[in-house]
Amino acid sequence: MQTSNFIGELLGTLVLILLGDGVVANILLKGSKGENGGWIVVTAAWAFAVMCGVFVAQKFGSPDAHLNPAITIAMAVKTGNWANVAPFIAAQLIGAFLGATLVWLAYLPHWAITEDKGAKLGVFATAPAIRNTTGNLISEIIGTIILIVVSSSFTADLPNGFTPYLVGMLVWSIGLSLGGPTGYAINPARDLGPRIAHAVLPISGKGTSDWSYAWIPVVGPIIGGILAVLFLNAFNI
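Residues numbered from 1 in each chain as written. Predicted model: local features only at pLDDT ≥ 70, side-chain atom pairs only at ≥ 80, totals over all residues. Heavy atoms only, no water.

Participant: What am I meant to see in the environment of leucine 10 here?
Facilitator: Mapped onto the secondary structure, leucine 10 falls in helix α1 (residues 5–28). According to the relative accessible area criterion, leucine 10 is buried, its value standing at 12%. Separated by 135 residues in the primary sequence, leucine 10 and isoleucine 145 place their C-alpha atoms 24 Å from one another. If sequence neighbours within four positions are ignored, leucine 10 has contacts with Ala91, Ile94, Gly95 and Leu98. (Helix = DSSP H or I, 4+ residues; strand = E, 2+ residues; numbered from the N terminus. Buried < 20%, exposed > 50% of the residue type's maximum accessible area, 1.4 Å probe, protein only. Contact = heavy atoms within 4.5 Å.)

Now the structure itself:
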């Protein structure tokens, strides 16, 4: 087997979701040792998950380590090169689905004893604190703009291997500051891949996958990514 952009994006996103959704399972599912761990635990673990996912993606052949269709599309808009968009997004969605499936397996005995169907879905996908289409969409757009604009400031002259740590810290900051309204998907694959996994896996006592909301964490980050690139282009950055 050989490394490639496709394999790197797939495995990096798998690790991102395994560790990211894994912490949500740890605090929401009954009987877990991390039950009721709280928001700080969630945001910190997601930051570490992003960092680990970037390192894995780079190791297995994707030096850019997008792990996020919004970033992939934004970079295509910026460069005019759309060749990698379809394979990258396919790899990211497959990786996200597989990562979510591994979370289900890792917490296998806990689904049956967890009565809250919303908590079970929350392990896999985001949901708004207050369901408001306009507000939820704006929240995802703003979070993604910050993700791309700030990460673009991490210059190439940083020491080798340092950038993934900064990206992780950035995601931690976004979660702490902007994650309250929607759970800060800021990544269509992060939400859609695991939501599909929730829909198809035989999860004990699960409820609906809330498809009426599912478009927001897909469309919002894509809009945010495009707006971020247009903003950067206005400064020739």
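Participant: I keep staring at the packing of helix α4 (residues 85–106) against helix α9 (residues 188–200) and nothing clicks. Help me out?
Facilitator: Helix-helix packing: each pair is described by the crossing angle between the helix axes and the interaxial distance. Contact pair α4 / α9: the axes reach a minimum separation of 8 Å and the direction vectors enclose 50 degrees. What the angle tells us is that α4 and α9 run oblique. The element α4 and its partner α9 pack so that their crossing is right-handed. Across the interface between the two elements, Gln92, Leu93, Ala96, Phe97, Ala100 and Thr101 from α4 touch Ala189, Leu192, Gly193, Pro194, Ile196, Ala197 and Val200 from α9. (Axes fitted to C-alpha atoms, helices over the stretch in contact; angles between N-to-C directions. Parallel < 35°, antiparallel > 145°, perpendicular 65-115°, else oblique. Left-handed = near helix turned anticlockwise from the far one by under 90°.)

Participant: How do you make sense of the side chain of histidine 66 when you look at a structure like this?
Facilitator: Along the chain, the position of histidine 66 falls in the loop between α2 (39–59) and α3 (69–79). Taking relative accessible area as the criterion, histidine 66 reaches 13% and is therefore assigned buried. Setting aside its immediate chain neighbours within four residues, histidine 66 contacts Glu9, Ile71, Thr72, Met75, Phe88 and Gln92.

Participant: How do you make sense of the packing of α3 against helix α7 (residues 133–151) when you look at a structure like this?
Facilitator: Two numbers describe how α3 lies on α7: the axes approach to 11 Å, and their chain directions differ by 60 degrees. Classified by the interaxial angle, the pair formed by α3 and α7 is oblique. Between α3 and α7 the crossing geometry is right-handed. Residue-level inspection shows Ala70, Ile71 and Ala74 of α3 in contact with α7, the latter providing Thr144, Leu147 and Ile148. When the residues that make up the contact of α3 with α7 are grouped by side-chain class, the tally is 5 nonpolar, 1 polar and no charged. (Nonpolar A, V, L, I, M, F, W, Y, C, P; charged D, E, K, R; others polar.)

Participant: Explain the nonpolar core here, please?
Facilitator: Side chains of a nonpolar character, in soluble globular proteins, are inclined to be buried together. If you look at the biggest cluster of nonpolar residues, it comprises 41 residues, and the most contacted ones within it are Leu16, Trp46, Trp111, Val123, Phe124 and Leu147. Among the elements that make up this core, the one with the highest residue count is α2 (7 residues). Once residues lying within four places of it in the same chain are set aside, the contact partners of leucine 147 are Asn68, Ile71, Leu170, Val171, Ile174 and Ile186. (Core = buried A, V, L, I, M, F, W, Y, C linked by side-chain atoms within 4.5 Å.)

Participant: Can you walk me through the pattern of salt bridges in this structure?
Facilitator: Once their charged atoms are close, side chains differing in charge can pair, the charge on each being opposite to the other. Counted under the stated rule, the structure contains 4 salt bridges. Arginine 131 serves as the salt-bridge partner of aspartate 210, at 3.0 Å between the closest nitrogen and oxygen. Linking aspartate 210 in the loop between α9 and α10 (216–234) with arginine 131 in the loop between α6 (117–124) and α7, this pair joins segments that are 79 residues apart in sequence. A residue is classified by how much of its surface remains accessible, and aspartate 210, at 13% relative accessible area, is buried. Across the pair aspartate 191 and arginine 195 runs a salt bridge, and its minimum N-O distance is 2.8 Å. (Salt bridge = Lys/Arg side-chain N within 4 Å of Asp/Glu carboxyl O.)

From the geometry alone we can't say anything about function, so treat these as descriptive.
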